[in-house]
Amino acid sequence: MPDTLPLARTNAEARLYLSLQPCDSCGDTHCTFRSAVITHDGILASRYTGDCPNCAAQRVYEFRLPAQVLPPPAGAVRFGEDSPSELLDPGTWLWYADTCLRQVPTTTTGLDDRTTKAARHTLATAIAALEEVLKFIPPTEDRVPLSAFTSATGLALHAREPGRFTRPRLEAVRDHYAATLTAFTPSAD
Ligand SMILES: [Zn+2]
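Criteria and thresholds
Residues numbered from 1 in each chain as written. Predicted model: local features only at pLDDT ≥ 70, side-chain atom pairs only at ≥ 80, totals over all residues. Heavy atoms only, no water. Helix = DSSP H or I, 4+ residues; strand = E, 2+ residues; numbered from the N terminus. Buried < 20%, exposed > 50% of the residue type's maximum accessible area, 1.4 Å probe, protein only. Polar contact = N/O pair within 3.5 Å; in protein donor to acceptor, adjacent residues only side chain to side chain. Pairing = 2+ DSSP bridges. Expected span 1.5 Å × (residues − 1). Salt bridge = Lys/Arg side-chain N within 4 Å of Asp/Glu carboxyl O. Donors = N, O, S within 2.8 Å, 3.2 Å for Na, K, Ca; no water. Phe/Tyr/Trp six-rings, centres within 6.5 Å; stacked < 30°, edge-to-face > 60°. Axes fitted to C-alpha atoms, helices over the stretch in contact; angles between N-to-C directions. Parallel < 35°, antiparallel > 145°, perpendicular 65-115°, else oblique. Left-handed = near helix turned anticlockwise from the far one by under 90°. Contact = heavy atoms within 4.5 Å. Nonpolar A, V, L, I, M, F, W, Y, C, P; charged D, E, K, R; others polar.

Visitor: Looking at this model, I keep getting lost on the side chain of T116. Mind explaining?
Guide: Here T116 is to be found in helix α3 (residues 113-134). By relative accessible area, which is 5% here, T116 ends up buried. At 2.9 Å, the side chain of T116 and the backbone oxygen of D112 are in polar contact.

Visitor: When you look at the pairing of strand β2 (residues 43-51) in this model, what are you seeing that I'm missing?
Guide: Two faces belong to every sheet, and in a regular strand the side chains alternate between them. In terms of strand pairing, strand β1 (residues 34-40) meets β2 through 7 bridges, oriented antiparallel. Note that in β2 the partner of H40 across the bridge is I43. The antiparallel hairpin formed by β1 and β2 contains 2 residues in its connecting segment, where D41 sits at a positive phi of about 50°. Taken together, the 7 bridges between β2 and strand β3 (residues 58-64) define a ladder with antiparallel strand orientation. Across the sheet, residue S46 finds its bridge partner in β3, namely F63. The hairpin turn running from β2 into β3, its antiparallel successor, is 6 residues long, and A56 in that turn takes a positive phi close to 70°.

Visitor: Please clarify how helix α2 (residues 90-102) should be interpreted in this entry.
Guide: Helical geometry note: an α-helix holds 3.6 residues per turn, so side chains three or four residues apart project in the same direction. Compared with an ideal rise of 1.5 Å per residue, which puts 13 residues at 18 Å, α2 spans 19 Å between its outermost C-alpha atoms and is within 8% of the ideal. Burial runs high along α2: 11 of the 13 residues are buried. Among the residues of α2, P90, G91, T92, W93, L94, Y96, A97, D98, T99, C100 and L101 are the ones counted as buried.

Visitor: Sorry, what's going on with the pattern of salt bridges here?
Guide: One side chain can pair with another of opposite charge once the charged atoms of both are near each other. One pass over the structure, following the stated rule, counts 10 salt bridges. When the shortest N-O distance is used, the salt bridge between R9 and E13 registers 2.8 Å. Comparing R9 with E13 shows no difference in burial state: the two are buried. For R9, a relative accessible area of 5% puts it in the buried group.

Visitor: Got a minute to help me understand the coordination of the zinc ion in this structure?
Guide: Octahedral six-donor coordination of a metal ideally yields angles of 90 or 180 degrees, compared with 109.5 degrees for tetrahedral four-donor coordination. Taken together, the protein ligands of the zinc ion are C23 (SG), C26 (SG), C52 (SG) and C55 (SG), with distances of 2.3 to 2.4 Å. Along the chain, the residues that donate to the zinc ion are spaced as C-x2-C-x25-C-x2-C. Residue C26 is found in the loop between α1 (11-19) and β1, and its partner C55 is found in the loop between β2 and β3; the two are separated by 29 residues along the sequence. Residue class for C26 comes out partly exposed when judged on its relative accessible area of 33%.

Visitor: Can you help me understand the environment of V69 in this one?
Guide: Structurally, the position occupied by V69 is in the loop between β3 and α2. V69 sits in the exposed class, given a relative accessible area of 59%.

Visitor: Help me out: how do you make sense of the packing of aromatic side chains in this one?
Guide: Any two aromatic rings considered together are summarised by their centre-to-centre distance and by the angle between their planes. Evaluated as defined, the whole model comprises 6 aromatic pairs. Ring centres of Y17 and Y61 lie 6.4 Å apart, and the angle between their planes is 85°; this geometry places the pair in the edge-to-face category. Of this pair, Y17 sits in helix α1 while Y61 is found in strand β3, placing the two residues 44 residues apart along the sequence. Residues Y17 and Y61 agree in their burial class; the two are buried. Ring geometry for F33 versus Y61: centroids 5.7 Å apart, planes at 80°, classification edge-to-face.

Visitor: Quick question: what am I supposed to make of the sheet that holds β3 here?
Guide: Think of a sheet as strands paired side by side through backbone hydrogen bonds, with each pair either parallel or antiparallel. The 3 strands lie next to each other as β1-β2-β3, forming an open sheet whose pairing is antiparallel. Here the strands that pair on one side only, and so sit at the sheet edges, are β1 and β3. Strand-to-strand, the axes of this sheet are offset by a mean angle of 30°, without reference to chain direction.

Visitor: I keep staring at the packing of α3 against helix α5 (residues 167-181) and nothing clicks. Help me out?
Guide: A pair of packed helices can be characterised by two numbers: the angle between their axes and the separation between those axes. Following both chains from N to C, one finds α3 and α5 inclined at 160°, their axes separated by 10 Å at the closest point. Classified by the angle between their axes, α3 and α5 sit roughly antiparallel to one another. Note that α3 runs across α5; the crossing there is left-handed. Residues R120, L123, A124, I127, L130, E131, V133 and L134 of α3 touch α5, and the partners they reach there are R167, L170, E171, V173, R174, Y177, A178, T180 and L181. Along the lines of polarity and charge, the residues of the contact of α3 with α5 split into 11 nonpolar, 1 polar and 5 charged.

Laid out in structure tokens, this is it:
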């Protein structure tokens, strides 16, 4: 275990990170993790454990807990406070936003309430992921600095489409989907 555990700002962030980690033994990414709060060198931490369904290896991850634990907001998705993620780089967040958006139907016509609700959650997750990309932009700059990219996925996406990581573009995309979100509110009746 490293001396300093990486910070997981929320359970949602830890769960997303875990879903992207391959098993060390076989590379499978499907694993159901249980979480517990533990003490690590005198500080509170969260530990996620699971058994790989493919090779049965035990998988263990530990994260630092934030000073103040954020409750999940009602009807919205939040991966953390204003500081950028220590677990996932901006390219991975944008890739994840794309992945979510591909699952959202283009229209609510003909959807039942349950499907509409699921689509709404997926869309809200994509918006939260776009917010995470924006957090990597320093206040005086207008784009995510190249130094922020640390993953192969993130670097590849940046190399392909660097223009997607500017503040105006990210804010425009986020605002567009935030407006779309209102169409996915289930009817009250
Ligand atoms: Zn495995």
